[in-house]
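# Survey of secondary and tertiary structure
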Amino acid sequence: MRDVTTAHPVQDLDVQPTPLALLLLGRDADPRSERGVECPGDLPSPSDPDLVARARAAKEKLGEKVFVLGHHYQRDEVIQFADVTGDSFKLARDAAARPEAEYIVFCGVHFMAESADILTTDDQKVVLPDLAAGCSMADMATAEQVAECWDVLTEAGVAEQVVPVSYMNSSADIKAFTGRHGGTICTSSNAERALEWAFEQGEPSAVKVLFLPDQHLGRNTAVRDMGMSLEDCVLYNPHKPNGGLTAEELRNAKMILWRGHCSVHGRFSVDSVNDVRERIPGVNVLVHPECKHEVVAAADYVGSTEYIIKALEAAPAGSKWAIGTELNLVRRLANRFAPEGKEIVFLDKTVCFCSTMNRIDLPHLVWTLESLAEGKEVNRIVVDPETEKYAKLALERMLALP
């Protein structure tokens, strides 16, 4: 385990909390589960009306010792306390640019906090308010599974031709694997450039890319943006012998896609696109590249979270938009641009939040800030030095991309 979790004594109790209780309280993690797939419906309001005042007081007491990062998918009650907001990589870089902050409180999910720990100084402490805030996509590729995949590629005689490209939405272990094997990290904004770089690492006709862990971003970038065919892509399933692929299929492939996906973006369908076009004439459909290939093909615009925000900023007054990404962000954008006469709706009729993102709620944030203000370190995320070394190497290769 890469988490370093401070002990949490239970006051006035003679019993020790069970592992399940700690998980529910956000003071432990279960790396084996696929999290983030539930649709909890509308989010409840904080039960304690004093939570906002308590969070504000604790943050003021900490002053410049704390720097709070808020991912775009966080709920509004948490975002209001963020010093900066952004996507996962932007936030990790923002943290690295604040070396005077002793504590980096990352309101996001586990892999994001790991990235922040990798990029910040040894003197800074990265804290995740709820250790159960994982990512179902990142959980779909474990270090053991990827090592086994590399053995399969070696036995097929293609490993020497393979360059790993891993999405930012991956664990530190997967980033380290990527660094060890000469690969790079990518974001949804620079995936095309990362793939171009990978194919430049040898004879372009011979190089193959192992894309981890999101099959949809890999496929959409290769086919939609780079002109490859769907036949150039094969899907490696870690739950099947040899990934469910023959040696010949691996030799013929240009893109070896890992069988992973985002549980929220994967919900959108072509039916969702067709339905919204029928309901809202003239609507512009804008989706994230983590959506399925057929959804991306049916959309009008495709882009990262930052692209989505900028597109709506530039959109003319009175325009209509259906957005295929996490609901908290869509709601925030709808409220932000309503005064400009822009109609913004969620692409799917079914309301689905990222449940693990929403584990970072106001009670957890208050507990974290008050604990830090009292000098108690909680839920610290620490990546071990060996993993950090190679994960940072992969991240630095991405930073060096033109």
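Scroll up to find the structure this text is about.
Residues numbered from 1 in each chain as written. Predicted model: local features only at pLDDT ≥ 70, side-chain atom pairs only at ≥ 80, totals over all residues. Heavy atoms only, no water.

## A look at the overall build of the chain
From N to C terminus, the chain includes 17 helices and 15 strands. Here the chain holds 402 residues, and 56% of them are scored as buried. Roughly 17,100 Å² of accessible area belongs to the chain as shown, and the carbon and sulfur atoms make up 49% of that amount. (Helix = DSSP H or I, 4+ residues; strand = E, 2+ residues; numbered from the N terminus. Buried < 20%, exposed > 50% of the residue type's maximum accessible area, 1.4 Å probe, protein only. Areas by Shrake-Rupley, 256 points an atom, 1.4 Å probe, with all protein chains shown as cover.)

## Considering the nonpolar core
One finds Val-105, Phe-211, Met-255, Val-287, Ile-344 and Leu-369 to be the most contacted residues of the largest nonpolar core, which totals 109 residues. Contact partners of Val-287, with chain neighbours within four places excluded, come to Val-295, Val-296, Ala-299, Tyr-301, Val-302, Gly-303, Gly-324 and Leu-347. Of all hydrophobic cores here, the second largest spans 21 residues; its members include Trp-150, Leu-153, Ala-159 and Ile-256. (Core = buried A, V, L, I, M, F, W, Y, C linked by side-chain atoms within 4.5 Å. Contact = heavy atoms within 4.5 Å.)

## Some points on the side chain of Thr-325
For Thr-325, the position within the fold is in the loop between β13 (320-324) and α15 (327-337). Here Thr-325 falls in the buried class, since its relative accessible area comes to 0%. A distance of 2.8 Å separates a polar atom in the side chain of Thr-325 from a polar atom in the side chain of His-265. In this structure Thr-325 touches Tyr-73, His-265, Phe-268, His-288, Ile-308, Val-330 and Phe-346, once residues within four positions along its chain are discounted. (Polar contact = N/O pair within 3.5 Å; in protein donor to acceptor, adjacent residues only side chain to side chain.)

## Examining the pairing of strand β2 (residues 66-71)
Look at any regular strand and the pattern is simple: side chains alternate between the two faces of the sheet. The buried fraction of β2 amounts to 6 of the 6 residues, a majority that puts the element mostly inside the structure. The alternating pattern of β2 places Val-66, Val-68 and Gly-70 and Phe-67, Leu-69 and His-71 on opposite faces, both of which are buried. Across 5 bridges, the pairing between β2 and strand β4 (residues 103-107) is parallel. Looking at β4, one finds that Phe-67 is bridged to Ile-104. Across 3 bridges, the pairing between β2 and strand β3 (residues 84-86) is parallel. Bridge pairing in β3 links His-71 to Gly-86. (Pairing = 2+ DSSP bridges.)

## Regarding the packing of aromatic side chains
Applying the stated criterion across every chain yields a total of 4 aromatic pairs. Consider the rings of Trp-150 and Phe-177, whose centres lie 5.6 Å apart with planes at 80°: the pair is edge-to-face. Note that Trp-150 is positioned in helix α7 (residues 143-155) and Phe-177 in helix α8 (residues 172-180), a separation of 27 residues in sequence. In this structure, Lys-254 is placed above the aromatic ring of Phe-199, and the distance from its NZ or CZ to the ring centre is 5.7 Å. (Phe/Tyr/Trp six-rings, centres within 6.5 Å; stacked < 30°, edge-to-face > 60°. Lys NZ or Arg CZ within 6 Å of the ring centre and 35° of its normal.)

## Concerning α7
Across its 13 residues, α7 extends 19 Å between first and last C-alpha, which sits within 8% of the 18 Å expected from 1.5 Å per residue. Of all the positions in α7, only Gln-145, Val-146, Cys-149, Trp-150, Val-152 and Leu-153 are classed as buried. Burial along α7 is one-sided: seen end-on, the buried residues are contained in an arc of 155°. Exposed side of α7, more than 90 degrees from the buried face: Glu-144 and Glu-155 are the residues found there. The inward-facing, buried residues of α7 contact β6 (162-167), α8, β8 (208-212), β9 (233-236), α11 (247-252) and β10 (255-258). Once α7 ends, the next one or two residues include Gly-157, with phi positive near 80°. (Expected span 1.5 Å × (residues − 1). Arc of directions from axis to C-beta.)

## Some thoughts on the sheet that holds β8
The strands making up a sheet are joined through hydrogen bonds of the backbone, oriented either antiparallel or parallel. Read across the open sheet, the 5 strands follow the order β7-β6-β8-β10-β9; overall the sheet is parallel. The strands lining the two open edges of the sheet, one partner per strand, are β7 (184-186) and β9. With strand direction ignored, the average angle separating the axes of adjacent strands in the sheet is 25°. The sheet contact formed by β6 and β8 spans 5 bridges and is parallel. Across the sheet, Pro-164 pairs through a bridge with Leu-210, a residue of β8. Packed onto the sheet, α8 meets β6, β7 and β8 and runs at close to 150° relative to β6. (Axes fitted to C-alpha atoms, helices over the stretch in contact; angles between N-to-C directions.)

## Remarks on the environment of Thr-387
Note that Thr-387 resides in helix α17 (residues 385-399). Separated by 211 residues in the primary sequence, Thr-387 and Ala-176 place their C-alpha atoms 5.5 Å from one another. Residues contacting Thr-387, with those up to four places away along its chain left out, are Ala-172, Asp-173 and Ala-176. A polar contact is formed between the side chain of Thr-387 and the side chain of Asp-384, at a distance of 2.7 Å.

## Focus on unusual backbone geometry
Omega for the bond connecting Leu-212 with Pro-213 falls within 30 degrees of zero, at -20°, which places this linkage in the cis form. Position of Pro-213 among the secondary structure elements: in the loop between β8 and α10 (215-225). A positive phi is found at Asn-379, a non-glycine position, where the angle reads about 45°. Within the fold, Asn-379 resides in the loop between α16 (362-373) and β15 (380-381). For Asn-379, a relative accessible area of 0% translates into the label buried.

## Description of the packing of helix α14 (residues 305-314) against α15
At their nearest, the axes of α14 and α15 sit 11 Å apart, and the two run at 20° to each other. Here α14 is positioned roughly parallel relative to α15, judged by the angle of their axes. Every pair of crossing elements has a handedness; the one defined by α14 and α15 is right-handed. Residues Thr-305, Ile-308, Ile-309, Leu-312 and Glu-313 of α14 touch α15, and the partners they reach there are Leu-329, Leu-333, Arg-336 and Phe-337. For the contact of α14 with α15, the residue count by class is 6 nonpolar, 1 polar and 2 charged. (Parallel < 35°, antiparallel > 145°, perpendicular 65-115°, else oblique. Left-handed = near helix turned anticlockwise from the far one by under 90°. Nonpolar A, V, L, I, M, F, W, Y, C, P; charged D, E, K, R; others polar.)

## Examining the side chain of Gln-145
For Gln-145, the position within the fold is in helix α7. Only 3.1 Å separates the side chain of Gln-145 from the backbone nitrogen of Thr-142, close enough to count as a polar contact. For Gln-145, the residues in contact, after removing those within four places along its chain, are Met-140, Pro-238, His-239 and Trp-258.

These results come straight from atomic positions and should not be treated as a statement about function.
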